[in-house]
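Residue-level structural notes
Here is what each chain is made of, one letter per residue.
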Amino acid sequence: QVHLVESGGGLVQAGGSLRLSCSASGNIFSGNLLGWYRQAPGKQRELVAVVSSAGTLNYGDSVKDRFTVSRDNAKNTVYLQMNSLKPEDTGVYYCYLRTHGNTYWGQGTQVTVSS
């Protein structure tokens, strides 16, 4: 069993910053992929950023140079620092974990960016 607990999110003005955190617990293989996806109303879920346990990074094109993903392997925790936020960044942000060939999702946290 795997559990993902997210924190952070909320309402911020355009140009502002937010930080999300997600802690993973349970049966997690040391070689895993942690990160974030998001879903805006009426749109498909899309990649925001992921980081492997070895430190390999992958970002969605729309957030490159504005968002930074990082992780603490000892705590199985992933962070997402979001800067220069735009109204189009609004959506539900889901924590993502890939381990043992399975994919797990957090419950989601709302991020709203006002113009």
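Look up: the structure comes first, before these words.
Presented here is an overview of the structure given in this document.

Rules behind the numbers
Residues numbered from 1 in each chain as written. Predicted model: local features only at pLDDT ≥ 70, side-chain atom pairs only at ≥ 80, totals over all residues. Heavy atoms only, no water. Helix = DSSP H or I, 4+ residues; strand = E, 2+ residues; numbered from the N terminus. Buried < 20%, exposed > 50% of the residue type's maximum accessible area, 1.4 Å probe, protein only. Contact = heavy atoms within 4.5 Å. Core = buried A, V, L, I, M, F, W, Y, C linked by side-chain atoms within 4.5 Å.

With respect to the helices, strands and loops of the structure, Y94 is situated in strand β9 (residues 91-99). Given the relative accessible area of 14%, Y94 is considered buried. Counting along the chain gives 52 residues from Y94 to G42, while the straight-line C-alpha distance between them is 16 Å. In this view, Y94 contacts E6, G35, W36, Y37, Q39, R45, W105, G106, Q107 and G108; residues no more than four positions away in its chain are not counted.

W36, L80, M82 and Y93 are the most contacted members of the largest nonpolar core, which totals 26 residues. Counting residues per element, the ones that place at least two in this core are β1 (2-7), β3 (18-26), β4 (33-39), β5 (46-52), β7 (67-72), β8 (77-82), β9 and β11 (109-114). Tallying contributions element by element places β3 first for this core, with four residues. Discounting residues that sit within four places of it in the chain, L80 has contacts with L18, R19, L20, W36, V48, A49, F67, T68, V69 and Y93.

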